[in-house]
Amino acid sequence: MNLYRGILKITTVFVVIFLLASCDDDFSNIGGEIIENPSGVQLREYDINAYTVDIKSIQTNTSNPKLLGVYNHPVFGEKLASVLSQVRLGATSPEFPEGAILDSVVLNLPYYSTEDLDDDGNPVYQLDSIYGDGGFRLSIRESRYFLNDLDPSEDFERAQRYYSDQQPLFEQFLTQDSIYVNNYFVPSADRIRFIRENDEDEADTTYSAPALRVQLSRDYFQQKIMDMEGSAELSSVSNFYDYFRGLLIKAEPVANEGSMMLFNFAGENAGINLYYSYPEETTNDEGETVEETFIDSLGISFGANIVNTFEGEYSQQIQENIASTSENLYLDGGEGTIGVLELFDEQQLEDLRAENLLINEANLELYINSDLMNGANVPNRLYLYDLSNNSVLIDYSLDPSNNQNDPLNSRTMFSSLPETDEETGETKYTLRLTQQLIDLIENDSTSLRLGVAVTSNIQQTAGVSVRESIPELGEDELAPAASTITPEGVVVYGSESSNENRRLKLRVYYTAAGQ
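Residues numbered from 1 in each chain as written. Predicted model: local features only at pLDDT ≥ 70, side-chain atom pairs only at ≥ 80, totals over all residues. Heavy atoms only, no water.

What follows covers the environment of P74. Here P74 is to be found in the loop between β3 (66-73) and β4 (77-89). Setting aside residues no more than four positions away along its own chain, P74 makes contact with M373, N374 and A376. (Helix = DSSP H or I, 4+ residues; strand = E, 2+ residues; numbered from the N terminus. Contact = heavy atoms within 4.5 Å.)

Here it is as structure tokens:
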């Protein structure tokens, strides 16, 4: 049996798609019946079992960017995202000049943004990865909770995992006073302006891209850092981690408003700077000794362990819809939800293996249920993966549209962007698993359980541990880490939808042997 014949070259796939498109009017939807057309390509539709898994606790101390803020999703409700991070001195055992005075302490977190020019040629910026446009309460406090790099319960042989639902634990270890509070913080696309003196003692103005840039408590850092000069606490990385265990950057709702943003805490310009001035005697051009004031800084970066925490519960109606039916699949980012798809039972698989078919294409079409979306924006991409083995699908790996520099438009043959039919107005995602199905049949693969999740970056395929979910995932089954870095979600028609034409099915295009 040679099911692989006819699709060894990607050009063949394009030919088949063209044939299918040109002959689409010759198909009729007759359940699982074989449907013929003049080109010899036939379609078979398989019912699958699909349901939503509500993730209650997911690992978030990965290298991914982190969400911060409050987002009111029209379907999934209010979501809160905060960040607990280690902090690390830019230089151990720092020495400050005699008479040094701490002038300011500035936290800087650059937004993801794109630069353009206005009509006058001045730079203007468009913020990316910002959800919502309202304000929220932003506060920062010192944490006395020690974030381990390695798990003591595993004899320090495995990296420590921290989870999205651990904020109540972390908050038990916060110091009493905040080092920053803004009762109504709103992200801004304005560029950051700096005014400095140049070598000719003239004021120079420079700019940088937009950032969350705020001043922290000077008194706090005077006592915490400057007054500790020469101490053992500042003498090594490990000592400093134990002395200054971290910061909790917390978002809280204000009325029914909010916005949420994505930050790269490991970025080059992300961190805290302590700016201090000090006097020093120098010789001027006339040879006279004069006292001048100099400015320097000490950097504090965010450490290796950074945890995203999420708060917010789905409404009772959403929880009941998720738990009681497969009429719809609810796919949501953040702590979120994923869909589980079970393709065949053993008998169906054996029957399929017994047939001598040439598989041309296999795909899943997920139609958005716009009646339930309440006008919400839809995620740009969905990610389909092998849940049984926690791996990418073969079709993902072989997609020639792979583009590392443009994740939004990468691997679009494997996972399409949302496609809207101009006549009906209906929008769908198409997920292809042609090669995966061939492997399933030819090589007796056991990849019968697939996962589907929203993603903001389809190039990121790492899985993360799920500590609690309803229903429970298998012990070694993971969720995509990339689904935790977007608060967007979507409702698609499920495998038991009353809308027969939009019901989620596995669609297999094939040619019978001998044709």
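Once that is clear, we can look at the sheet that holds strand β23 (residues 419-420). Ordered by their spatial adjacency, five strands build an open sheet running β1-β30-β20-β24-β23, and the pairing between neighbours is antiparallel. The open sheet has two edge strands, β1 (41-47) and β23, and neither has a second partner. Together, β20 (357-367), β24 (427-432) and β30 (505-512) form the strand contacts of helix α8 (residues 434-442), whose direction differs from that of β20 by roughly 130 degrees. (Pairing = 2+ DSSP bridges. Axes fitted to C-alpha atoms, helices over the stretch in contact; angles between N-to-C directions.)

Under the definition given, this model contains 23 aromatic pairs. Ring geometry for F96 against Y276: centres 5.3 Å apart, planes inclined by 90 degrees, an arrangement best described as edge-to-face. Placement of F96 in the loop between β4 and β5 (101-110) and of Y276 in strand β16 (residues 271-283) is noted, with a sequence separation of 180 residues between them. Across the pair, Y276 and F96 agree in class, each one buried. (Phe/Tyr/Trp six-rings, centres within 6.5 Å; stacked < 30°, edge-to-face > 60°. Buried < 20%, exposed > 50% of the residue type's maximum accessible area, 1.4 Å probe, protein only.)

Glancing now at a negative patch on the surface. A cluster of acidic residues, E280, E281, E291 and E292, forms a negative patch on the protein surface. When contributions to the negative patch are tallied by element, the ones reaching two or more residues are β16 and β17 (289-311). (Patch = residues over 30% accessible without salt bridge, like charges linked within 9 Å, V, L, I, M, F, W, Y side chains within 5 Å. Areas by Shrake-Rupley, 256 points an atom, 1.4 Å probe, with all protein chains shown as cover. Salt bridge = Lys/Arg side-chain N within 4 Å of Asp/Glu carboxyl O. Lys, Arg positive; Asp, Glu negative; His and termini not counted. Charge placed at Lys NZ, Arg CZ, Asp CG, Glu CD.)

Moving on to the nonpolar core. Soluble globular proteins tend to pack their nonpolar side chains together in the buried interior. L341, F344, L364, L366 and L384 are the most contacted members of the largest nonpolar core, which has 62 residues in total. What L341 contacts, discounting residues up to four positions off in sequence, is I48, N49, A50, L329, L364, L384, L448, R449, L450, V452 and L504. (Core = buried A, V, L, I, M, F, W, Y, C linked by side-chain atoms within 4.5 Å.)

Let us now look at the confidence of the model for the protein. When pLDDT is averaged along the protein, the result is 89, and 90% of the positions lie at 70 or above. Every residue in residues 1-36 scores below 50 in pLDDT, and together they form 65 contacts with partners more than four places removed in sequence or on other chains. (pLDDT = per-residue confidence, 0-100.)

Most of α8 is tucked away: eight of the nine residues are buried. Buried residues of α8: T434, Q435, Q436, L437, I438, D439, L440 and I441, and no others. Structurally, α8 contributes buried residues whose contacts are with α6 (346-354), β20, β21 (381-386), α7 (394-398), β24 and β30.

A few words on the side chain of N308. The topology assignment puts N308 in strand β17. Classification of N308 as buried rests on a relative accessible area of 3%. A polar atom in the side chain of N308 sits 2.9 Å from the backbone oxygen of S82. In contact with N308, not counting residues within four places along its chain, are T60, K66, L67, A81, S82, V83, Y163 and S164. (Polar contact = N/O pair within 3.5 Å; in protein donor to acceptor, adjacent residues only side chain to side chain.)

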